[in-house]
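The chain contents come next:
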Amino acid sequence: MMDRLELLRRLVAFDSTSRRGNREIARWVADLLGQAGATVWLDPAGDGERFNVLATIGPEADSTRQGLTLSGHLDVVPADEPEWTSDPFTLVESDDRLIGRGACDMKGFVALAVAALCDTDPATLCHPLGLVLTYDEEIGTRGARHLAERRPHLERLPKQVIVGEPTSLRAVRMHKGHTGHRLTVRGRPAHSGFPHLGHNAITPLARAIVALDQLRQDLEHEPAPNAEHFDDTPYVALNLATISGGAAVNVIPDRATLDLGFRVLPGQDPTAVDRRIREVLEATLDGEDWNLEELHRAPPMEPPADHAFHRRFLELLGQEASRAVAYATDGGWLASAGFDCLIWGPGDIAVAHQPNEWLAMHQFEQAETLLDQAVRRLCG
């Protein structure tokens, strides 16, 4: 049996922050799976630094594609916060906590998923056990989008997918989508002693920010589909996130940017929100030189409540009804590629992306037991 805790320790030790890529950790995991007898494919992003890892064990998938696929992401958010009390890339055990960057989100689940493939005897399986590990989930689910749009080897994977985000071991059926944009306004530089010779790009951007904030308030008061499943945020959430512009206090700024993102509910078309944002900008920035660029798009996820996979997994957990979450996952893109997805994994999303991120040891152990039961039920 593979030591799950030692495997998690090795995974955390890889600095796989999205800005660095995941080449080292992806190749290491692929080699580990290959040595255990799994069939493995590396799906490159094209830059040589990012890879999706796909693998299966057991019989080949038939036309029904029964079985189970486990899905996670290998990238983590940066660990630059000064509040860390230990090396973020060294797993620390303290009481019931496993502390380290990615321990919760989501290398804990990845360790369990990889170990499940390595430890399961293929001869005991009636249906295949699959694995999908993606790149750049944290900066826009880019790896999952790459898979969904190109679909390399996806037909060899079982259609039933557990996406292992930290849900405190409660099954999640639906989540919001997330779209990111960058607004750029261009002006004309000049010495600040001669402002009439330039055109300040920050001033029109400021008008746009005020107008977009009004749109944010409007969206929060508008009815939305499936709002009853999102108690805290039953509306489209629009976030004006980062602003940059200008070079020096004595130079008229010739460029200013705003990064913004919005989260639609399941059943909503994100292009409708796109149009409203553009309408606001066209009215506010009339006569200005500007453009709006899409940075990323992660679709919402909403499988049917009565789907057989959904029902069987709830029965396994002893959970009466599934939940909804306000964040996006790789599940949105995988669902668009024909997979039946649900979100489930150990860890509390509230401590993800935080300094001293941690995963409860008892949840890690409980998740191992439940995952083993799921594999036996769905693949055995």
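Before reading on, note that the structure itself is shown above.
What you see as residue numbers is a count from 1 along each chain, following the sequence as written. Only residues with pLDDT of at least 70 are given local features in this predicted model, and only at 80 or more are side-chain atom pairs given and counted; all residues enter the totals for whole chains, interfaces and linings. Side-chain numbers come from the whole structure's heavy atoms, not from hydrogens or water.

Draft legend 1. View of the nonpolar core. Core analysis: the biggest nonpolar cluster contains 58 residues, and Leu33, Leu68, Leu70, Val114, Leu129, Ile162 and Trp344 have the highest contact counts within it. Numbered from the N terminus, helices here are DSSP runs of H or I no shorter than four residues, and strands are runs of E no shorter than two. Those elements giving two or more residues to this core turn out to be helix H1 (4-13), helix H2 (23-35), strand S2 (51-57), strand S3 (68-73), helix H3 (103-119), strand S6 (129-134), helix H7 (308-317) and helix H9 (361-379). In terms of residue count, H3 provides more of this core than any other element does, twelve residues in total. Any two residues whose heavy atoms approach within 4.5 Å are treated as being in contact. Beyond its immediate chain neighbours, meaning those up to four positions away, Leu68 contacts Pro128, Leu129, Gly130, Pro158, Gln160, Ile162, Phe309, Ala374, Val375, Leu378 and Cys379. Joining through side-chain atoms within 4.5 Å is the link that ties buried Ala, Val, Leu, Ile, Met, Phe, Trp, Tyr and Cys residues into a set, and such a set is a nonpolar core. Only protein chains enter the calculation, and the probe is 1.4 Å; a residue is then buried if its accessible area is under 20% of its type maximum, exposed if over 50%, and partly exposed in between.

Draft legend 2. Expanded view of the sheet that holds strand S12 (residues 289-298). Sheet architecture is open: four strands sit in the order S10-S11-S9-S12, paired in antiparallel fashion. With partners counted over all chains shown, the strands left at the sheet margins are strand S10 (237-245) and S12, one partner each. When strand polarity is set aside, the average angle formed by the axes of neighbouring strands in this sheet is 15°. Sheet topology note: the strand S9 (residues 178-186)/S12 ladder contains nine bridges and is antiparallel. Bridging from a neighbouring strand, Arg182 pairs with Glu293 of S12. Along the sheet face, helix H5 (residues 202-220) touches S9, S10 and strand S11 (255-263) and points at about 170° away from the line of S10. Two strands pair if DSSP finds at least two bridges between them. Between N-to-C directions, angles cover 0 to 180 degrees, with each direction set by a line fitted to C-alpha atoms, over the stretch in contact for helices.

Draft legend 3. The arrangement of the side chain of Glu165 in detail. Looking at the element boundaries, Glu165 is found in the loop between strand S7 (160-163) and strand S8 (172-175). One buried charged residue, Glu165, forms no salt bridge at all, with the nearest opposite charge on Arg263 at 10 Å. Each residue touching Glu165, except ones within four places of it in the same chain, is listed here: His73, Asp105, Met106, Glu137, Tyr327, Thr329, Ile343, Trp344 and Gly345. For the charge count, each Lys or Arg is scored as positive and each Asp or Glu as negative, with His and the chain ends excluded. One side-chain nitrogen of Lys or Arg within 4 Å of one carboxyl oxygen of Asp or Glu is enough to make a salt bridge.

Draft legend 4. Seen up close, the packing of H2 against H3. Look at H2 against H3: their axes get within 10 Å of each other, and the N-to-C directions meet at 25°. By the angle between their axes, H2 is roughly parallel relative to H3. For the pair H2 and H3, the contacting residues are Ile25, Val29, Leu32 and Leu33 in the first and Lys107, Val114, Leu117 and Cys118 in the second. Gly counts as polar in this scheme, as do all residues outside two lists: the nonpolar Ala, Val, Leu, Ile, Met, Phe, Trp, Tyr, Cys and Pro, and the charged Asp, Glu, Lys and Arg. When its residues are assigned to classes, the contact of H2 with H3 shows seven nonpolar, no polar and one charged. Any angle between 65 and 115 degrees counts as roughly perpendicular, while under 35 counts as roughly parallel, over 145 as roughly antiparallel, and the rest as oblique.

Draft legend 5. Structural context of the layout of surface pockets. Detection works on a 1 Å grid of protein atoms alone, calling trapped sets that fit a 1.4 Å probe cavities and calling open sets with protein on both sides within 12 Å along at least five of seven lines pockets, with lining residues defined by an atom within 4 Å of a point. Grid points are joined across faces, edges and corners, and a volume is the space filled by probe spheres set on the points. In this structure, the largest pocket spans a volume of roughly 690 Å³. Taken together, 27 residues line the largest pocket, and the ones lying closest to its centre are Glu138, His178, Arg263, His296 and His353. When residues of the lining of the largest pocket are traced back to their parent elements, those giving at least two are S9, S10, S11 and S12. When grouped by side-chain class, the residues that make up the lining of the largest pocket number ten nonpolar, eleven polar and six charged. For the second largest pocket, the calculated volume is near 260 Å³. Lining the second largest pocket are 14 residues, and of these Arg4, Ala116, Thr120, Asp372 and Val375 sit closest to its centre. Only H3 and H9 provide two or more residues apiece to the lining of the second largest pocket. Looking at the lining of the second largest pocket element by element, the count peaks at five residues for H9.

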